[in-house]
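Below, each chain spelled out in residue letters.
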Amino acid sequence: MGTIYVDEIKHQSAQGSGTITLGASGETINIPSGVTLTNNGTQTGLTLSDNILFNTASKGIYLGVTTATASNLLDDYEEGTWTPAAYAGISGLGVSQATYTKIGRSVTIYAEVTGFVSPTGSALQISGLPFTPGSASLYMQGTAESDSGAMGIARTSAATGRITFFYGTTSRTTYVGNNLGGGLRFSLTYFTD
Amino acid sequence: MAIIKETVIGKVEVVGEFKAVQVAMDTLIKEDGKVISQTRHRHFLMPDADITNELQEVQNICNTAWTQEVKDAWIAFKQEQENKLGV
């Protein structure tokens, strides 16, 4: 069948509450570029009964604007796990949990690490971040708490891709591996490029 | 009813000036071939990383992206930043 020109398609009950089915499972309803879907009723917004899935990766939604502005495009969301690894100050560790959530270019990580192996007096550094810190993440910081009670700051670096820990009470004094007890919990938000 | 667990590459991306390789591994739980659960695990690799334990597909991407010029630029940037920031 070719093209049908109509002004309105309504449910046969004409009560405004019926369901109109377009296509069948697996089929594609093609909406040409430039078409606007408008809610001209009295209720606000558009209600969907399931998740939205794009058929192309890295597509998103422009939020808060009426034109396609790159700075308003939310095109990435992801949850997952990562593996903190000993880089300096200790030679090994156990991971109780290590998770991340990425929203746009913002990545928030959380980790609980325990069972430090061979802690030394060197500055504690942990590697294994889930995403590469961007060039704007040179000083991105979060908080940390060790089993010894030391409260501090976790700082990531774009240059090293690692996390370095500092005591919160003194000037840029680093956590050292042999003064932390057996474990550490920390959270941190940083940006990717 | 067969339930199996498999780990596959979810995504490999080469990002940024220094060609960092970001690797996402997906763990899938399948029941009779249908995915009923999926989790993602991530890590990334910079040009001076040891990639011997990475999957061959990831190693190939690293070796393609990390030219000597890229490696040299990364080492220089890293040294500059470490001098600036300390640890």
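Residues numbered from 1 in each chain as written. Chains lettered and ligands numbered in written order. Predicted model: local features only at pLDDT ≥ 70, side-chain atom pairs only at ≥ 80, totals over all residues. Heavy atoms only, no water.

Draft legend 1. Looking closely at the sheet that holds strand β1 (residues 3–15) of chain B. Read across the sheet, 12 strands follow the order β4(A)-β7(A)-β10(A)-β9(A)-β8(A)-β11(A)-β6(A)-β5(A)-β3(A)-β3(B)-β2(B)-β1(B) without closing on themselves; strand pairing throughout is mixed. Both edges of this open sheet fall to β4 (85–88) of chain A together with β1 of chain B, since each of them pairs with a single strand only. Neighbour-to-neighbour, the strand axes of the sheet open up by a mean angle of 25°, direction not taken into account. Taken together, the three bridges between β4 of chain A and strand β7 (residues 125–127) of chain A define a ladder with antiparallel strand orientation. By the bridge assignment, A88 of chain A is partnered in β7 of chain A with Q125 of chain A. Docked against the sheet, helix α1 (residues 56–65) of chain B engages β1, β2 (20–31) and β3 (34–45) of chain B, running at close to 5° with respect to β1 of chain B. (Pairing = 2+ DSSP bridges. Helix = DSSP H or I, 4+ residues; strand = E, 2+ residues; numbered from the N terminus. Axes fitted to C-alpha atoms, helices over the stretch in contact; angles between N-to-C directions. Contact = heavy atoms within 4.5 Å.)

Draft legend 2. Spatial organisation of the interface of chain A and chain B. Counting from both sides, the interface comprises 28 residues of chain A and, opposite them, 18 residues of chain B. The interface formed by chain A and chain B contains two salt bridges. The partner of R40 of chain B in a salt bridge is E78 of chain A, and the shortest N-O contact between them spans 3.0 Å. If you list the elements that add at least two residues to the side of chain A that touches chain B, you get β3 (77–82) and β10 (163–167) of chain A. With five residues, β3 of chain A is the single largest residue contributor to the side of chain A that touches chain B. Split by residue class, the side of chain A that touches chain B holds 12 nonpolar, 11 polar and five charged. As paired strands, β3 of chain A and β3 of chain B are joined by two bridges and run parallel to one another. In the strand pairing of β3 of chain B, T81 of chain A is matched with H41 of chain B. (Salt bridge = Lys/Arg side-chain N within 4 Å of Asp/Glu carboxyl O. Nonpolar A, V, L, I, M, F, W, Y, C, P; charged D, E, K, R; others polar.)

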